[in-house]
Amino acid sequence: RIEFEGTDITKTPAHKIVSMGMAHVPEGRRVFAQLSVYENLKLGAYTRSDKTEIEQTLEMVYKRFPRLKERRNQAAGTLSGEQQMLAMGRALMSHPKIILMDEPSMGLSPIFVNEIFDIIKEVSAGGTTVLLVEQNAKKALGIADRAYVLETGNIVLTGEAKALMNDESIKKAYLGE
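Residues numbered from 1 in each chain as written. Predicted model: local features only at pLDDT ≥ 70, side-chain atom pairs only at ≥ 80, totals over all residues. Heavy atoms only, no water.

Draft legend 1. Representation of the overall build of the chain. Check the secondary structure of the chain and you find nine helices and seven strands. Rg of the C-alpha trace for the chain: 17 Å, near the compact-globule value of 16 Å for 177 residues, within the 12% margin. By residue count, 40% of the 177 residues in the chain fall in the buried class. Here the analysis covers contacts within the chain between residues at least 6 apart in sequence; of these, 59% occur between residues at least 24 apart. Of the roughly 10200 Å² of accessible surface on the chain, a fraction of 52% belongs to carbon and sulfur atoms. Across the chain, 23 positive and 23 negative side-chain charges occur, with their mean positions spaced 3 Å apart. (Helix = DSSP H or I, 4+ residues; strand = E, 2+ residues; numbered from the N terminus. Rg over C-alpha atoms; globule rule 2.2 N^0.38 Å. Buried < 20%, exposed > 50% of the residue type's maximum accessible area, 1.4 Å probe, protein only. Contact = heavy atoms within 4.5 Å. Areas by Shrake-Rupley, 256 points an atom, 1.4 Å probe, with all protein chains shown as cover. Lys, Arg positive; Asp, Glu negative; His and termini not counted. Charge placed at Lys NZ, Arg CZ, Asp CG, Glu CD.)

Structural data, given as structure tokens:
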């Protein structure tokens, strides 16, 4: 049983979970390849009804991801590293309280990784809770408030991210130091 806002989300349809304020950026991006960037973003706002607020959110996403605005009429499947930005932008279109991000840096060049982590920091600073699952422990600990170390699906260590980043056993095992 996993609860969000008092509801067991394991038995809740996805559109209702999104309506409750939870968005997901899946591993591997999973954009709608045949649709345009704009159409993908609009789908992120599917559960919202106020057209003015949707347009304001779209402008905020375009401001945060200017490349998406430049490519708004391009088929999403033809994007490269920008697919991760599109997946994040699509999730933000639902105006979530919490956003779950699964391996946002996977397969990206170092430049894109830095951009994605800067955006994650902005999203968090803007008041949206971010739950981040990330193999790049150094980057994740560098922006996180709190961290959980998992080994074979079990939490083996938890604490403030800065403290874990300075923990010698964590440095050896996960940070290559």
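Draft legend 2. Quick peek at the sheet that holds strand 4 (residues 98-102). If you walk across this open sheet you meet the three strands as 3-4-5, and the pairing is parallel. Looking at which strands have only one partner, the edges of the open sheet turn out to be strand 3 (22-25) and strand 5 (129-133). Sheet twist, expressed as the mean angle between neighbouring strand axes with direction ignored, is 15°. Sheet analysis places strand 3 next to strand 4, joined by four bridges and oriented parallel. If you follow His24 over to strand 4, its bridge partner there is Leu100. Along the sheet, helix 5 (residues 82-92) makes contact with strand 3 and strand 4, crossing strand 3 at roughly 170°. Along the sheet, helix 6 (residues 110-125) makes contact with strand 4 and strand 5, crossing strand 5 at roughly 145°. (Pairing = 2+ DSSP bridges. Axes fitted to C-alpha atoms, helices over the stretch in contact; angles between N-to-C directions.)

Draft legend 3. Main features of the nonpolar core. Leu41, Phe65, Leu68, Leu86, Met88 and Ile99 are the most contacted members of the largest nonpolar core, which has 31 residues in total. Within the residue set of this core, elements represented by two or more residues are strand 3, helix 2 (37-44), helix 3 (51-64), helix 5, strand 4 and helix 6. Of all the elements, helix 6 adds the most residues to this core, at seven residues. Beyond its immediate sequence surroundings of up to four residues, Met88 is in contact with Val25, Phe65, Ile99, Met101, Ile116, Ile119 and Ile120. Membership of the second largest hydrophobic core comes to eight residues, among which are Leu141, Ala147, Ile170 and Leu175. (Core = buried A, V, L, I, M, F, W, Y, C linked by side-chain atoms within 4.5 Å.)

Draft legend 4. Broad picture of the pairing of strand 7 (residues 154-160). Alignment of strand 6 (residues 146-151) against strand 7, held across six bridges, turns out to be antiparallel. Considered in strand 7, the bridge of Val149 is made with Leu157. Adjacent in sequence and paired antiparallel, strand 6 and strand 7 are bridged by two residues, among which Thr152 carries a positive phi angle near 45°.

Draft legend 5. Seen up close, the packing of helix 2 against helix 3. Remark: helix 2 packs on helix 3, axes separated minimally by 11 Å, with the N-to-C direction vectors making an angle of 125°. Considering the angle they form, helix 2 stands oblique to helix 3. By crossing handedness, the relation of helix 2 to helix 3 is classed as right-handed. Taking contact as the criterion, the partners of Tyr38, Leu41 and Lys42 in helix 2 are, on helix 3, Ile54, Glu55, Leu58, Val61 and Tyr62. Of the residues assigned to the contact of helix 2 with helix 3, the class counts are six nonpolar, no polar and two charged. (Parallel < 35°, antiparallel > 145°, perpendicular 65-115°, else oblique. Left-handed = near helix turned anticlockwise from the far one by under 90°. Nonpolar A, V, L, I, M, F, W, Y, C, P; charged D, E, K, R; others polar.)

Draft legend 6. Highlighting the side chain of Arg90. Along the chain, the position of Arg90 falls in helix 5. Buried within the structure, Arg90 lacks any salt-bridge partner; Glu39 is the closest side chain of opposite charge, at an N-O distance of 11 Å. Among residues more than four places away in sequence, those in contact with Arg90 are Pro26, Arg29, Arg30, Val31, Phe32, Asn40, Leu41 and Gly44. (Salt bridge = Lys/Arg side-chain N within 4 Å of Asp/Glu carboxyl O.)

Note that every value here comes from positions in space, so none of it alone points to a role or purpose.
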